[in-house]
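Residue-level structural notes
Chain residues, written in single-letter form:
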Amino acid sequence: MHTPVRKIVIAGGGTAGWMTAALLRKVLQQQVEIQLIESEEIGILGVGEATIPPIQIFNQYLGLDEKEFLRETNGTIKLAIKFENWRVQNESYFHTFGAPGANLGFCSFQHYWLQAKKAGMQASLWDFDLNYLCCKQGKFNKINTPNPIYELPYAYHFDSGLYGRYLRKLAEKSGVIRTEGIIEQVKTDAESGFIQGLQLKSGEQIEGDLFIDCTGLRGVLIKQTLGVEFEPWNHFLPANRALAVPTERFEHTSPFTRSIAHSAGWQWRIPLTHRNGNGIVYSNDYLSDDDAYKTLMGNLDSKALDEPRQIKFETGRTVKQWHKNVVAIGLSSGFLEPLESTSIHLIQSGIVRLLKIFPNQGISQHTIDFYNADSQEEFETIRDFIILHYHMNERNDSEFWKDMRSMTIPSRLQHKIDLFNHSAAIFNDKNDIFRDASWLQVMLGQGAKPQDHHPAAAVHGDAALLDAMHKLLSAKQQPLDKMLPHDEFLDRYIGR
Ligand code: FAD
C-alpha cells in the first residue's frame, strides 16, 4: 500500500504527456494536483500522424470542438488504410473503418457474401462498404442517419506535435502546472522502491505520489530508474528503423492513408492539410540505410520539404506497464510499428484504464496487476494483427517476404487464421481493438480463402440471396450523392 494519490507528476510533454495531462485534469478536476515536466532541449519524437476512430471519443471527453481541432492540428479525415503490394506486387486492398454489408442476423455478413459468390455474384466484399466507396471517389461528408448500413466511421490524420501543443493550452488553462527542465536524478524510497521525487538539472526537486512516465523511448522512470525489463518482439516484427520526410501536399487530399510495401519494409503516405507525411519503416537486417533512403526518396510523388530524419526503435513492450508508483504511457511503455496507426490509441487506452481504476486511497498490487494484464492483452492483440499483414504474403521477390511468411507466429494468431480458413469464422479477444470487420478485410486482402462458411447463409436459396445482395449494393451507393470531395468538405467544414 502507498499513500493516497494527491499529486500526479507527469514526466515528458510529447503527445503522451499532454494527452495524459489533459484527460486526467478533465476527469479528476481539482481532486489532485498535476505537474508536468518537459524539456525543450530534449524535444519530442514529432512523428505520428494517423489515428483510429476511438480518438473521436477522447476528443469528445475533453470537450474539443472538432472544427477547431482540425484547424489547430492541420487535420484531415481518415476512412481507411490502402495496403499496396502487400499480398503480391501491383495489387491493393483497403482496411476501412467501416463494416462491409449489413448485420443480417445470426451469422456474419462474410458468410452471405461467400455464398453469393458461389452462386455467381461478382461484387467484392468492399463494394458493400461505404467507407471504401467514399475512398474510391475521394469523398467524405457527415451523415446523420439512424440506419446502421450508412455508418461511416472515421478517424483523423493530424500533426501529433500540434495536437500536443493544442492539448497543452487546454491543460495549462485548467490548472496543470508545466515545468521546463531536464530530469537528472530520481529519488526512490530505499524500502519500498517507490519513486519519491525528481531532481531537475536546475536543482529543483519535484515530489509526487503517482508518476506517469511519458519520456518516450528513453523510459526515464520505468526503464532507467525502476529497471523494468523490455520484451523484444523483433523475431515477429523485425523493423527497427524509420526515415520520415514531409513533402508538399498534392492537389487533392485523399481521405485515407497509403501503406506501400517495398522489397523489404513499407512506406507510409499521410495527407495533412498543409503537407504530406511520408516515411519508410524497415529492418536494417534486410535493407541498408542507403537503400531505404533511395527507396523513400524515389517514391515521394511531390517535392521533399526537408531531408529525411532517421528514427531507431525496437519493437516490443515493457513487461510491466505499471510498476511501484510509476505508470508508463506512450513510447516509454513499448512500441509497435505504425502500420495500423495504433500508438496514439495505446496512449488513450492507457489513460482511460488508469482512470477507471484510479488509486485514490493508495496503490495496491491488485490494481497494478489488473492494469498490467489488461494492457498486455491489448498490446499483444495489436501485435498479432500487425504480424498478420506480414505473414500472409505471397511475395517471392525478396528474402524479407519469404522469411515473414515462414516465421512461427503467436499461437493465438495461428488459431485465428486457421479458423477463418476453415470456416470463415472470426472470434474476438476481449481487449482487441480490431473487431471482426478489420480482421476480415486484412485476411481476405492478404489472400485467405475460407474452405467453408456458415450454413445459415444458404437457407433462403441462391435467388433470394442474390436479390438481397443486389439491393444492398445499390443501397450502399445512395449516400454517395451527398458526399463532397474531401477538400471541399474540409474547406466548408473548417473554413480552410
Ligand atoms: P516523445 O514524443 O518522445 O516525448 C517524450 C517527452 O519526454 C518529451 O517532451 C521529452 O522532452 C521528454 N523527456 C524525455 N527525457 C526527459 C528528461 N530526462 N527530462 C525531461 N523531459 C524528458 N503513432 C500513431 O498513433 N500514428 C502514427 O501514424 C504514428 N507514426 C509513427 C511513425 C514512426 C516512425 C514512429 C517512430 C512512431 C509513430 N507513432 C505513430 C508513434 C507516435 O509518434 C508516438 O506514440 C507519439 O509521438 C507519442 O510519443 P511520446 O509522447 O510517448 O514520446
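That block above? That's the structure.
Rules behind the numbers
- Every chain's residues receive numbers from 1 upward, in the order its sequence appears when written.
- In keeping with the predicted nature of the model, local features appear solely for residues at pLDDT of at least 70, side-chain atom pairs appear and are counted solely at 80 or more, and the whole-chain, interface and lining totals rest on all residues.
- By convention in this description, side-chain values take in all heavy atoms of the structure and omit both hydrogens and water.
- The helix count covers DSSP runs of H or I at least four residues long, the strand count covers runs of E at least two residues long, and both are numbered beginning at the N terminus.
- For every residue, the accessible area obtained with a 1.4 Å probe (protein chains only) is divided by the maximum for its type, and the residue is called buried under 20%, exposed over 50%, and partly exposed between those limits.
- Simply put, an axis is a line fit to the C-alpha atoms, just over the touching stretch for a helix, and the angle between two N-to-C directions goes from 0 to 180 degrees.
- With the far helix as reference, a near helix turned anticlockwise by less than a right angle produces a left-handed crossing, and one turned clockwise produces a right-handed crossing.
- Any pair of residues with heavy atoms lying within 4.5 Å of one another is described as a contacting pair.
- When residues are sorted by character, Ala, Val, Leu, Ile, Met, Phe, Trp, Tyr, Cys and Pro go into the nonpolar class, Asp, Glu, Lys and Arg into the charged class, and all the rest, Gly among them, into the polar class.
- Think of a 1 Å grid over just the protein atoms. A cavity is a set of points where a 1.4 Å probe fits yet cannot get out, a pocket is an open set with protein on both sides within 12 Å along at least five of seven lines, and lining residues have an atom within 4 Å of a point.
- Grid points are joined across faces, edges and corners, and a volume is the space filled by probe spheres set on the points.

Considering unusual backbone geometry
- In the Ramachandran plot, Q29 falls in the positive-phi region, its phi being about 50° despite a non-glycine side chain.
- Counting through the fold element by element, Q29 comes out in the loop between helix 1 (15-28) and strand 2 (33-38).
- Judged by its relative accessible area of 45%, Q29 is partly exposed.
- In this structure, D301 is a non-glycine residue whose phi angle is positive, near 70°.
- Mapped onto the elements of the fold, D301 is located in the loop between helix 8 (289-297) and strand 18 (309-312).
- Residue class for D301 comes out exposed when judged on its relative accessible area of 61%.

Description of the packing of helix 4 (residues 109-118) against helix 14 (residues 462-477)
- At a minimum axis distance of 10 Å, the contact between helix 4 and helix 14 shows a crossing angle of 115°. Crossing hand, helix 4 versus helix 14: left-handed. Between helix 4, through F109, Y112, W113, Q115 and A116, and helix 14, the contact on the second element is made entirely by D462, L465, L466, M469 and L472.
- For the contact of helix 4 with helix 14, the residue count by class is 8 nonpolar, 1 polar and 1 charged.

Comments concerning empty space enclosed by the protein
- This model, assessed by the stated rule, comprises 1 cavity of 30 Å³ or more.
- As for the largest cavity, its lining consists of T51, I52, I55, S341, I344, H345 and Q348.
- Partitioning the lining of the largest cavity into residue classes produces 3 nonpolar, 4 polar and no charged.

Topic: the environment of I329
- One can find I329 in the loop between strand 21 (326-328) and strand 22 (334-335).
- Between the alpha carbons of I329 and I42 there is a distance of 18 Å; along the sequence they are 287 residues apart.
- Excluding residues within four positions of it along the chain, I329 makes contact with A16, T20, I212, D213, C214, I347, G350, I351 and Y371.

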